[in-house]
Amino acid sequence: MATGAKSSTTQTQLQVPNRLIHEKSPYLLQHAYNPVDWFPWGQEAFDKAKNENKPIFLSVGYSTCHWCHVMEEESFRNKEIGHILSEDFVSVKVDREERPDVDKVYMTFVQATSSGGGWPMNVWLTPELQPFVGGTYFPPEDGLTRVGFRTVLLRIRDQWKQNKAMLLENSQRVTASLLARSEITVGDRELPPSALVTSQRCFQQLEEVYDEEHGGFAEAPKFPTPVILGFLFSYWVTHRMTSDGFRAQQMAMHSLKMMANGGIRDHVGQGFHRYSTDRQWHIPHFEKMLYDQAQLAVAYIQAFQITGDELFSDVAKGILQYVSQNLSHPSGGFYSAEDADSVPEGEVKPKEGAYYLWTVDEIKDLLPEPVEGTTEPLTLGQLFMKHYGVTETGNIGGIQDPHGELEGQNVLTVRYSMDLTAARFGLEAETVRKLLDTGREKLKQIRKRRSQPRLDIKMLAAWNGLMVSGFAVAGAVLGKEELINQAIDGAKFLKRHLFDVSSGRLLRGCYAAVGGTVEQSSSQFWGFLEDYAFVIRGLLDLYEASRESAWLEWALRLQEIQDRLFWDSQGGGYFCSEAELGGNLPLRLKDDQDGSEPSANSVSAHNLLRIHSYTGRRDWMDKCVKLLTAFSDRLRRVPVALPEMVRALSIQQQTMKQIVICGSPQSQDTKALVDCVHSIYMPNKVLVLYDGEPSSFLARQLPFLTRLQKVESQATAYVCENQAYSLPVTEPAELRKLLLL
């Protein structure tokens, strides 16, 4: 929430745009009128650097990044700084969401050579693209504790002219070191580490950093980390009869409840903000990312599966409602994000969080209605403010608001349970629930009149794949066809706009255009590993939700393409990018961390296990084992860095359950058995629907299906594990008992 220092020199925007005006990325377009001779990432910039013997200034960010906005305003609009960047450097702008390969390579350098990473990321490169200096946000001018951006530019310019040989030598040495440190390979190992030992160590590492009071796994800033919650759910399943299993469930559920009550959740419009700036989940960084909504929808619906607590299902439905209303394209795709910044009423300059904040006077004016049946005179506004912690002085502390700009402003956060608020005023809990629903809806309608945060209209294959999973899994668990249909629309969008039929390859992304149409990037970007891994996961989830085998067939074809483009046949595991696509980059990496998004290798391990169970193909199981073996060192030393991969390791060493339902896909008795399967949280299962047709796609993949028959013409379920099949069952209650054994 803090704001950056202001430049004392002239800030301006060009009347005539620079070459970024021809790009589609919202982030690049935000810099199209800077007085900087910006280039997009590409050969034109690289050739210019070589021909003119100039270092490259690479600046990487994304459209909803608050500090990217700050640096753009302070430094890149500055005419003097713009002149230096244009004359002494070849300046290149990259949208990290368009080119995650570029971002990962140079972020690896920044993290290895400085105190941390983040965005905007600013790196200076040789004309051969080897990095030699890097950092994140720079204020425009020197301050008491930080060197200003202008000073940094002048020093690097002078060093390049006077000590170029030393810079090149240092660059080559650092690059060689990074190559050695980033190598992930099976080496002389034949098998991955023990799942039991690795998962136990991962759990212990998480317990050490768990926030007992507020939930979550850090002090501040605090991120939602759905990958950690997913690990804890799976750990509970395999340890449910132990104290550690109970503890894992308690840690996950408490974290989810605290997030749902905190200001990180948008209580008016639903959905979750990016992260909390404090331990209490109270004051968020206000941008909203599609990948957070997708993963959190799944986490909350899985919590509902485990507990039956409707708080969790309500939160999941709220997330999906937000995505449907705010992040959905008419053609079925999903936009990337909403910005943190917007323009407050009566002002001209955007501020972070302005769209989401409330004063006491606003709520009093909007909710003046008296509440009947209370123990004291009460308006709806007073009830609302009590429940959501709204005060006259505001509820944003000085640490989050060091300049006092947000005095009197409030972030809505649940301060009391429904029962406590009801008891305070002598009301029934259900009455309070309805009143708060009314209040939130009124505030939502009024909020629509405010200047809205910018929408990043980029639609990425990877994040759309995650969102297909979100709608598919929630729709299956809740039995809501409308959610499954939205997942189907998302998958159709992917196939129509982000899939090249002739090559069978995915494209990275596309953009919303006028009139509800879609347009491609000015430079066509092929999909990266994460695009394939996340889309394949989405298609597998969609098959199980919709019972339409066409989605499974497409997933298998994409897996074959993924293997051809990214698999490391020598070292095992998948590279993040194609060899050809990243040919100019000094490193070709394998992502080894589950962070705000899961590592594509972690997701691929799960996909391979599921696909092996759908097809019986041994080569895919062999790939999964080799992948897990390649990451052995990381899994042994710091499994907490790869909780999603630890889950896959545990499943691989437990074996998968194949739940086969023989029946017509659309019949009610089939649906009843399918609904039973979806009601239970089982991380190590695949659901196979066999319609009795020997020539069907699945029967060709799994010939044993033809030996499984319906009992007395009723839909019939079999549970297959370790190549042994249960006795057939036809009643959901019988199937439930079988699955819970």
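Cut-offs applied
Residues numbered from 1 in each chain as written. Predicted model: local features only at pLDDT ≥ 70, side-chain atom pairs only at ≥ 80, totals over all residues. Heavy atoms only, no water. Disulfide = S-S within 2.5 Å. Buried < 20%, exposed > 50% of the residue type's maximum accessible area, 1.4 Å probe, protein only. Pairing = 2+ DSSP bridges. Helix = DSSP H or I, 4+ residues; strand = E, 2+ residues; numbered from the N terminus. Axes fitted to C-alpha atoms, helices over the stretch in contact; angles between N-to-C directions. Parallel < 35°, antiparallel > 145°, perpendicular 65-115°, else oblique. Left-handed = near helix turned anticlockwise from the far one by under 90°. Contact = heavy atoms within 4.5 Å. 1 Å grid on protein atoms, 1.4 Å probe; cavity = no way out; pocket = protein on both sides within 12 Å on 5 of 7 lines; lining within 4 Å. Points joined across faces, edges and corners; volume = space filled by probe spheres on them. Nonpolar A, V, L, I, M, F, W, Y, C, P; charged D, E, K, R; others polar. Salt bridge = Lys/Arg side-chain N within 4 Å of Asp/Glu carboxyl O. UniProt positions renumbered as here; feature names shortened; annotations may be inferred. Patch = residues over 30% accessible without salt bridge, like charges linked within 9 Å, V, L, I, M, F, W, Y side chains within 5 Å. Areas by Shrake-Rupley, 256 points an atom, 1.4 Å probe, with all protein chains shown as cover. Domains from an automatic or database assignment. Phe/Tyr/Trp six-rings, centres within 6.5 Å; stacked < 30°, edge-to-face > 60°. Lys NZ or Arg CZ within 6 Å of the ring centre and 35° of its normal. Core = buried A, V, L, I, M, F, W, Y, C linked by side-chain atoms within 4.5 Å. pLDDT = per-residue confidence, 0-100. Polar contact = N/O pair within 3.5 Å; in protein donor to acceptor, adjacent residues only side chain to side chain.

A.B. asks: Would you mind going over the state of the cysteines with me for this structure?
C.D. replies: Note: disulfide means a covalent bond formed between the sulfur atoms of two cysteine side chains. All chains considered together, the criterion is met by one disulfide. Two residues, Cys-65 and Cys-68, share a disulfide whose sulfurs are 2.4 Å apart. Across the S-S bond of Cys-65 and Cys-68 the torsion is about 80°, and the bridge reads as right-handed. Each member of the pair, Cys-65 together with Cys-68, is buried. Not engaged in a disulfide, the cysteine Cys-676 finds its nearest cysteine sulfur in Cys-662; these two sulfurs lie 15 Å apart. Taking relative accessible area as the criterion, Cys-676 reaches 7% and is therefore assigned buried.

A.B. asks: Looking at this model, I keep getting lost on the sheet that holds strand β17 (residues 518-520). Mind explaining?
C.D. replies: Remark on secondary structure: sheet strands pair via backbone hydrogen bonds, oriented parallel or antiparallel. If you walk across this open sheet you meet the three strands as β13-β16-β17, and the pairing is antiparallel. Of all strands in the sheet, those bounded by a partner on one side alone are β13 (458-460) and β17. Pairwise comparison of adjacent strand axes, ignoring direction, gives a mean angle of 35° for this sheet. Inspection of the sheet shows strand β16 (residues 509-512) paired to β17 by three bridges, in the antiparallel sense. When the sheet's bridge partners are listed, Ala-512 is paired in β17 with Val-518.

A.B. asks: Which parts of the structure should I look at to understand the packing of helix α17 (residues 461-478) against helix α18 (residues 481-497)?
C.D. replies: When two helices pack together, their arrangement is given by the angle between their axes and by how far apart the axes lie. For the pair α17 and α18, interaxial distance at closest approach is 7 Å and the crossing angle is 155°. One way to sum up the angle between α17 and α18 is to call them roughly antiparallel. In this structure, α17 crosses over α18, and the sense of that crossing is left-handed. For the pair formed by α17 and α18, the contact residues are Ala-461, Asn-464, Gly-465, Val-468, Phe-471, Ala-472, Ala-474, Gly-475, Ala-476 and Leu-478 on the first element and Leu-483, Ile-484, Gln-486, Ala-487, Gly-490, Ala-491, Phe-493 and Leu-494 on the second.

A.B. asks: Whenever I open this one, empty space enclosed by the protein confuses me. Can you help?
C.D. replies: In the structure shown here, the tally under the stated rule is five cavities of 30 Å³ or more. In this structure, the largest cavity encloses a volume near 720 Å³. What lines the largest cavity is a set of 34 residues, and nearest its centre among them are Val-298, Gln-302, Val-473, Asp-541 and Arg-647. Where the lining of the largest cavity is concerned, the elements lending two or more residues are α9 (226-238), α11 (290-307), α17, α19 (529-546), α21 (600-615), α24 (643-654) and α25 (668-678). Looking at the lining of the largest cavity, its residues break down into 20 nonpolar, seven polar and seven charged. Gly-263, Arg-265, Asp-266, His-267, Val-268, His-273, Phe-286, Tyr-356, Trp-358, Val-411, Leu-412 and Arg-447 are the residues that line the second largest cavity. Taken together, the residues of the lining of the second largest cavity sort by class into six nonpolar, three polar and three charged.

A.B. asks: Is there a simple way to think about the pattern of salt bridges in this case?
C.D. replies: When their charged atoms lie close together, side chains carrying opposite charge are able to pair. For the structure shown, the criterion picks out 49 salt bridges. A salt bridge links Glu-97 to Lys-458, with the nearest nitrogen and oxygen atoms 2.9 Å apart. Highlighted residues: Glu-97 in the loop between β3 (90-95) and α5 (100-113) and Lys-458 in strand β13, separated in sequence by 361 residues. Residue Glu-97 shares its accessibility class with Lys-458, and that shared class is buried. Asp-266 is paired through a salt bridge with Lys-288; the nearest N and O atoms lie 2.8 Å apart.

A.B. asks: Any chance you could explain the UniProt feature "domain: Spermatogenesis-associated protein 20-like TRX" (unreviewed entry) in the chain here in plain terms?
C.D. replies: On the UniProt side, "domain: Spermatogenesis-associated protein 20-like TRX" (unreviewed entry) is annotated at positions that read residues 17-178 here. Along residues 17-178 the backbone is 48% helical and 15% strand, and the end-to-end C-alpha distance reaches 38 Å.

A.B. asks: Teacher, can you tell me more about the pairing of strand β2 (residues 56-61) here?
C.D. replies: For a regular strand, the rule is simple: side chains alternate between the two faces of the sheet. The buried fraction of β2 is high, at six of six residues. Residue alternation in β2 divides its side chains into two sets, Ile-56, Leu-58 and Val-60 and Phe-57, Ser-59 and Gly-61, and both sets are buried. Relative to β3, β2 runs parallel, the two sharing six bridges. Paired with Ile-56 across the bridge in β3 is Val-90. Across five bridges, the pairing between β2 and strand β4 (residues 121-125) is antiparallel. If you follow Ser-59 over to β4, its bridge partner there is Asn-122.

A.B. asks: Any chance you could explain the sheet that holds strand β18 (residues 657-662) here in plain terms?
C.D. replies: Sheet architecture is open: four strands sit in the order β19-β18-β20-β21, paired in mixed fashion. Each edge of the sheet is formed by a strand with only one pairing partner; in this case those strands are β19 (685-690) and β21 (724-725). For β18 and strand β20 (residues 716-721), the ladder comprises five bridges, and the chain directions are antiparallel. Bridging across to β20, Gln-658 finds its partner in Cys-720. Across the sheet, helix α27 (residues 732-739) lies against β18 and β20, angled at about 10° from β20, the strand it touches most.

A.B. asks: Explanation requested: the layout of surface pockets in the structure shown.
C.D. replies: Unoccupied space between atoms shows up once a probe the size of one water molecule is rolled over them. Reported here for the second largest pocket is a volume of approximately 890 Å³. Lining the second largest pocket are 29 residues, with Arg-265, Asp-314, Met-418, Arg-433 and Arg-440 positioned closest to its centre. Those elements that provide at least two residues to the lining of the second largest pocket are α10 (243-261), α12 (310-326), α14 (380-388), α15 (418-425) and α16 (429-447). The element contributing the most residues to the lining of the second largest pocket is α16, with seven residues. Considering only residue class, the lining of the second largest pocket consists of 10 nonpolar, eight polar and 11 charged.

A.B. asks: Before we go on, may I ask you to explain a nonpolar patch on the surface in this structure?
C.D. replies: A cluster of nonpolar side chains, namely Ile-21, Leu-29 and Tyr-33, defines an oily patch on the protein surface of about 220 Å² accessible area. Secondary-structure assignment places Tyr-33 in the loop between α1 (26-29) and β1 (39-40). For Tyr-33, a relative accessible area of 33% translates into the label partly exposed.

A.B. asks: Just checking my understanding: could you explain the domain arrangement of the chain for this structure?
C.D. replies: Domain boundaries assigned for the chain yield domain 1 (19-182), domain 2 (356-449) and domain 3 (655-740). For domain 1 and domain 2, the distance between their C-alpha centres works out to 45 Å.

A.B. asks: Please clarify how the packing of aromatic side chains should be interpreted in this entry.
C.D. replies: Between two aromatic rings, the relevant description is the distance of the centres plus the angle of the planes. A full pass over the atoms with the stated rule returns 31 aromatic pairs. Look at Phe-384 and Tyr-388: their rings are 4.7 Å apart centre to centre, the planes differ by 45°, and that puts the pair in the tilted class. Placement of the pair is Phe-384 and Tyr-388 together in helix α14, with a separation of four residues, close to one helical turn. Residue Phe-384 is classed as buried on the basis of its relative accessible area of 0%. Directly above the ring of Tyr-62 sits Arg-96, whose terminal nitrogen or CZ lies 5.8 Å from the centroid.

A.B. asks: Just to check I follow, could you spell out the nonpolar core for this structure?
C.D. replies: As a rule of thumb, soluble globular proteins bury nonpolar side chains together. Grouped together as the largest cluster of nonpolar side chains are 155 residues, with contacts concentrated most on Leu-232, Leu-256 and Tyr-300. Beyond its immediate sequence surroundings of up to four residues, Tyr-300 is in contact with Leu-256, Met-259, Ala-260, Phe-272, Phe-312, Val-315, Ala-316 and Ile-319. In this structure, Ala-32, Phe-57, Leu-85 and Val-152 belong to the second largest nonpolar core, which totals 27 residues.

A.B. asks: What should I look at first to understand the confidence of the model for the chain in this one?
C.D. replies: Low-pLDDT stretches of the model should not have their predicted coordinates read in fine detail. For the chain, the average pLDDT comes to 94, and 98% of its residues sit at 70 or higher. This stretch, residues 1-9, has a pLDDT under 50; its non-local contacts, to residues over four places away or in other chains, come to 32 contacts.

A.B. asks: Looking at this model, I keep getting lost on the side chain of Arg-447. Mind explaining?
C.D. replies: Assignment of secondary structure puts Arg-447 in helix α16. Take Arg-447: its relative accessible area is 5%, and that puts it in the buried class. A distance of 2.9 Å separates a polar atom in the side chain of Arg-447 from a polar atom in the side chain of Asp-266. In this structure, Arg-447 is in contact with Asp-266, Val-268, Gly-269, Tyr-355, Tyr-356 and Trp-358, ignoring residues within four places of it in sequence.

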